[in-house]
Amino acid sequence: MNYYSLHHKANNASFKEAVINGLASDRGLYFPTKITPLPAAFIKNIDTYSNTEIAFKVIEQFVGNDIPTKTLKKIIEETLNFDFPIVPIEKNIGALELFHGPTMAFKDVGARFMARCLSEFNKNNKQQVTVLVATSGDTGGAVADGFLGVKGVDVVILYPSGKVSDIQEKQLTTLGKNITALEVDGVFDDCQEMVKTAFLDPEINRTLTSANSINIARWLPQMFYFFFAYKQLYKQHKELVFSVPSGNFGNICAGMMAQKLGLPIQHFVASTNINDTVPNYLKKGTYNPKPSIATISNAMDVGNPSNFIRIQELFENDIDQLKTAFSSVAFSDDDTRAAMKEIYANSSYIADPHGAVGYLGLKTYGLSKETYGVFLETAHPVKFLDVVEETLDTTIEIPSQIQSVLHKKKTSIKISNYVGLKDFLNG
Ligand SMILES: *Cc1c(COP(=O)(O)O)cnc(C)c1O
């Protein structure tokens, strides 16, 4: 299996090369040269397969011969050792809970898969690799947890100071060992830009790779749970609409890949907060990235979503095709709080701010009798404890995964610009 760069200047890469490089040498994102739909019989009989069997069938063609079958199966089993339930919220709406992993956000799936792939590729290699990653909140914790103690790998996490929740900050600044947190005086897009610059800076004397969703090993495993959702729902014989709370648009783009593989999904809604670059693009036809604005759904505070270019590629850069397959709507923090209250009052379900934005996307899209809407519950509400408790006037029990980091001491290094990052990496 080959990957090409979406800037079309760099050479094609194998799965292994693309995972290790993160980004192609021309700064383009990697994209598979070929996407072969899965056999119809597999989709039809999906309930006869276990989640790990499904995941193997889904990812196999994208890994090719770069990882032996037995090892790939083991990586998948270790990655997916938790549940992906759909919780009914209303008659034709369910929440796909993606937060039952160790750091309680969907990013555990991609981070755990990628950490294991990289560890496999690096097992006979004496040179250290540095995973450099920018986080808007949840990636940092998931990557830190996924890579903690992995031999031959150092992890450097950039996060925007004061713009992640307290629990998210604890998850990425307290682990120590091979994990370092850099606290950036800026917004998420600054962190993301610095990471991209470092990759192409010939003066950096380390081997760098990325664990953001630009990395195919973080991005592609996110297809898995769209299949798991279908497995739970297909007996209802309804058309499926997925609303994906979106920031960097990696998760929704993985859902669209699942659709390309033959998964029957009728429509996607990309639900955003007021960082509305994509909703504006669909409305006006011009793509105008803006600096990100802080919101209560902070993991989606992205003004220049890096995966949108992959979505455009999937739809042959044709805005009309794109508009048929998906819609995108933006919601304010007030809308989000009102939705959290509505869901809690009507269904006794505590949604986190990101899930609530996803729910609003379904409501705005409008569901007919023949459709069933799924919104992705991308993180556990406890990760946004202050906002959730204040909005719903209730208390949330703190799960053990989170309890264990709360008393730990934060350690971070403050930087304010690219020179700070470069000095740290070369120091
Ligand atoms: C990262 C994140 C998102 C956004 O996902 P993208 O793939 O960047 O669009 C949404 N919700 C939560 C809780 C997240 O951590």
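Relevant structure appears above.
(A) A look at the overall build of the protein chain. Broken down by element type, the protein chain carries 19 helices and 14 strands. Its C-alpha atoms give the protein chain a radius of gyration of 20 Å, within 12% of the compact-globule value 22 Å for 427 residues. The principal-axis extents of the C-alpha atoms in the protein chain amount to approximately 60 × 50 × 45 Å. Across the 427 residues of the protein chain, 59% fall into the buried class. Put simply, 76% of the contacts in the protein chain that link residues at least 6 apart link residues at least 24 apart. In the form shown here, the protein chain has an accessible surface area of approximately 16700 Å², with 48% of it arising from carbon and sulfur atoms.

(B) The arrangement of the packing of aromatic side chains in detail. Tallied over the entire structure, the rule returns 19 aromatic pairs. Ring geometry for tyrosine 230 and tyrosine 234: centres 5.5 Å apart, planes at 35 degrees, overall tilted. Residues tyrosine 230 and tyrosine 234 agree in their burial class; the two are buried. With 6.1 Å between their ring centres and 80 degrees between their planes, phenylalanine 249 and phenylalanine 308 make a pair best called edge-to-face. Here phenylalanine 249 is found in the loop between β10 (239-245) and α11 (250-260), whereas its partner phenylalanine 308 is found in helix α13 (residues 308-314), with 59 residues between them in sequence. On the basis of relative accessibility, which here comes to 1%, the residue phenylalanine 308 falls in the buried class. Here a set of aromatic residues connected by ring pairs shows up, and it is made of Phe82, Phe84, Tyr225, Phe226, Phe228, Phe242 and Phe268. Sitting over the face of the ring of phenylalanine 56, lysine 73 holds its NZ or CZ atom 4.8 Å from the ring centroid.

(C) Layout of helix α8 (residues 188-199). Along its 12 residues, α8 runs 17 Å from first to last C-alpha, staying within 8% of the 16 Å computed at 1.5 Å per residue. Judged by how many residues are buried, α8 sits mostly within the fold: nine of 12 residues are covered. Among all positions of α8, only Phe188, Asp189, Cys191, Gln192, Met194, Val195, Lys196, Ala198 and Phe199 are buried.

(D) Focus on the sheet that holds strand β14 (residues 413-415). Pairing in this open sheet of five strands is parallel, and the strands run β9-β6-β7-β8-β14 from one edge to the other. Two strands close off the open sheet at either side, each with one partner strand: β9 (207-210) and β14. When the angles between neighbouring strand axes are averaged without regard to direction, this sheet yields 30 degrees.

(E) Layout of the pattern of salt bridges. For the structure shown, the criterion picks out 12 salt bridges. Linking aspartate 201 and lysine 422 is a salt bridge whose minimum nitrogen-to-oxygen distance equals 3.0 Å. Of this pair, aspartate 201 sits in the loop between α8 and β9 while lysine 422 is found in helix α19 (residues 418-426), placing the two residues 221 residues apart along the sequence. Across the pair lysine 290 and aspartate 276 runs a salt bridge whose closest N-O atoms are separated by 2.7 Å. Taken together, the residues span a long stretch of sequence, with lysine 290 in the loop between α12 (277-284) and α13 and aspartate 276 in the loop between β11 (267-272) and α12 at a distance of 14 residues.

(F) Representation of the nonpolar core within the structure. Of all hydrophobic cores here, the largest spans 122 residues; its most connected members are Phe15, Phe147, Leu158, Met223, Phe227, Phe326 and Leu421. Setting aside residues no more than four positions away along its own chain, phenylalanine 227 makes contact with Leu38, Phe42, Ile43, Ile46, Ile54, Val58, Ala258, Leu261 and Leu263. Core analysis: the second largest hydrophobic core is formed by 30 residues, Met300, Ala351, Val357 and Ile396 among them.

(G) Highlighting the site of the ligand. If you check the shell around the ligand, you find 15 residues, and the closest are Lys107, Asp138, Gly247, Asn248 and Thr378. Glycine 247 is positioned with one of its backbone polar atoms (N or O) 2.8 Å from an oxygen atom of the ligand. Between an oxygen atom of the ligand and a main-chain N or O atom of asparagine 248, the distance comes to 2.8 Å. Relative to its unbound accessible surface of 380 Å², the ligand loses 98% to contact with the protein. In terms of residue class, the shell around the ligand is made up of six nonpolar, seven polar and two charged.

(H) Focus on the side chain of arginine 112. Here arginine 112 is to be found in helix α5 (residues 107-121). Buried and without a salt bridge, arginine 112 has aspartate 145 as its closest oppositely charged side chain, separated by 4.2 Å.

(I) Layout of the packing of helix α3 (residues 51-63) against helix α4 (residues 69-79). Packing of α3 against α4 brings their axes to within 10 Å, and their N-to-C directions diverge by 130 degrees. What the angle tells us is that α3 and α4 run oblique. Remark: the crossing between α3 and α4 carries right-handed chirality. Packed against α3, whose contacting residues are Thr52, Ala55, Phe56, Ile59, Glu60 and Val63, the element α4 presents Thr69, Leu72, Lys73, Ile76 and Glu77 at the interface.

(J) Quick peek at unusual backbone geometry. Positive phi outside glycine occurs at glutamate 316, with the angle close to 50 degrees. The topology assignment puts glutamate 316 in the loop between α13 and α14 (319-325). For glutamate 316, a relative accessible area of 59% corresponds to the exposed category. At serine 348, a residue that is not glycine, the phi angle is positive and equals roughly 55 degrees. Note on serine 348: relative accessible area 61%, which makes it exposed.

(K) Spotlight on the pairing of β11. With six of six residues buried, β11 is to be regarded as a mostly interior element. Neither face of β11 is exposed, since His267, Val269 and Ser271 on one face and Phe268, Ala270 and Thr272 on the opposite face are all buried. Where β10 meets β11, five bridges bridge the pair, whose relative direction is parallel. Paired with serine 243 across the strands is valine 269, a residue of β11. In this structure, β11 lies alongside strand β12 (residues 326-330), joined through five bridges in parallel fashion.

Calculation notes
Residue numbers here run from 1 along each chain, matching the order of that chain's written sequence. Reporting in this predicted model follows two pLDDT cut-offs: at least 70 for local features of residues, and 80 or more for side-chain atom pairs to be given and counted; totals over whole chains, interfaces and linings ignore these cut-offs and use all residues. Side-chain numbers here rest on the full set of heavy atoms in the structure, without hydrogens or water. Strands are runs of DSSP state E lasting at least 2 residues, helices are runs of H or I lasting at least 4, and numbering of each runs from the N terminus. When we talk radius of gyration, it's over C-alpha atoms, and the globule rule is simply 2.2 Å times the number of residues to the 0.38. In this scheme, a residue with accessible area under 20% of its type's maximum is buried, one over 50% is exposed, and one in between is partly exposed, where area comes from a 1.4 Å probe on protein chains only. What makes two residues a contact is simply this: any of their non-hydrogen atoms within 4.5 Å. To measure how exposed things are, a 1.4 Å probe is used in the Shrake-Rupley method; for residues, cover is taken only from the protein chains shown. Note on aromatic pairs: the rings of Phe, Tyr and Trp (six-membered ring only in Trp) are paired at centre separations within 6.5 Å, and the planes decide the class, stacked below 30 degrees, edge-to-face beyond 60, tilted for the rest. Put simply, a charge is over a ring when the Lys NZ or the Arg CZ is close to the ring centre, within 6 Å, and near the line of the ring normal, within 35 degrees. Each helix should span, by expectation, one fewer than its residue count multiplied by 1.5 Å. Paired strands, in this sense, are two strands between which DSSP finds at least two bridges. Lines fitted to C-alpha atoms define the axes, with helix axes restricted to the stretch in contact, and inter-axis angles between N-to-C directions lie between 0 and 180 degrees. By salt bridge we mean one thing: a side-chain nitrogen of Lys or Arg within 4 Å of a carboxyl oxygen of Asp or Glu. By convention a nonpolar core is built from buried Ala, Val, Leu, Ile, Met, Phe, Trp, Tyr and Cys residues, the set being connected through side-chain atoms within 4.5 Å. It suffices for a single heavy atom of a residue to lie within 4 Å of a molecule or strand for the residue to be listed as near it. Think of a polar contact as two N or O atoms within 3.5 Å of one another; within protein, one of them needs to be a possible hydrogen donor and the other a possible acceptor, and neighboring residues in sequence only count if both atoms come from side chains. Polar here means any residue other than Ala, Val, Leu, Ile, Met, Phe, Trp, Tyr, Cys and Pro, which are nonpolar, and Asp, Glu, Lys and Arg, which are charged; Gly is therefore polar. By the counting rule applied here, Lys and Arg register as positive and Asp and Glu as negative, while His and the ends of each chain are not counted. In these notes the angle categories are as follows: under 35 degrees is roughly parallel, over 145 is roughly antiparallel, 65 to 115 is roughly perpendicular, and the rest is oblique. Whether a crossing is left-handed or right-handed is set by the direction in which the near helix is turned from the far one by less than a right angle, anticlockwise for left-handed and clockwise for right-handed.

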